[in-house]
Amino acid sequence: MGSKLSPKDNALYKSTDEVLHYIWDPIGVAGSPYARDEYYGYLPQVFKMIINKDKTETIVNYLVSVEEKTMGLSPNKEGAIEVVEILKEYKDKYDEEYP
């Protein structure tokens, strides 16, 4: 990220990383310890979108675009919606825990 994050933002950043790796996981590498950094390139953008409270549709469209245009996969819109809902739940949770 480049700059020091607040404890709340740090917790959300780590959770976003985990969700992208273990739940979004469009190329199916979650079980491989050697691929732990596979989605790091998308992490800052998704984190920024969650912090900025972008619309669900905007974040879903970003994830689907990555799947389709960057990875060359068939997009999984339902999976992307699930990921965004989980991330927004984490955002709400940390907003409550870190007033």
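It should be noted that the structure appears before, not after, this text.
Residues numbered from 1 in each chain as written. Predicted model: local features only at pLDDT ≥ 70, side-chain atom pairs only at ≥ 80, totals over all residues. Heavy atoms only, no water.

Peer 1: Even after reading the chapter, I still don't get the environment of Glu38, so can you show me in this structure?
Peer 2: Within the secondary structure, Glu38 is located in the loop between α1 (7-24) and α2 (43-51). In this structure Glu38 comes out as partly exposed when scored by relative accessible area, which is 38%. If near-sequence neighbours (up to four positions away) are discounted, Glu38 is found in contact with Ile27 and Val29. (Helix = DSSP H or I, 4+ residues; strand = E, 2+ residues; numbered from the N terminus. Buried < 20%, exposed > 50% of the residue type's maximum accessible area, 1.4 Å probe, protein only. Contact = heavy atoms within 4.5 Å.)

Peer 1: Sorry if this is basic, but what is going on with the packing of aromatic side chains here?
Peer 2: Each aromatic ring pair is characterised by the separation of its centres together with the angle its planes make. According to the stated counting rule, one finds five aromatic pairs in the structure shown. Here Tyr13 and Phe47 contribute two aromatic rings whose centre-to-centre distance is 5.0 Å and whose plane-to-plane angle is 80 degrees, an arrangement assigned as edge-to-face. Separated by 34 residues along the polypeptide, Tyr13 in helix α1 and Phe47 in helix α2 bring together distant segments of the chain. Judged by its relative accessible area of 4%, Phe47 is buried. With 5.3 Å between their ring centres and 55 degrees between their planes, Trp24 and Tyr39 make a pair best called tilted. (Phe/Tyr/Trp six-rings, centres within 6.5 Å; stacked < 30°, edge-to-face > 60°.)

Read these as spatial facts, not as claims about activity.
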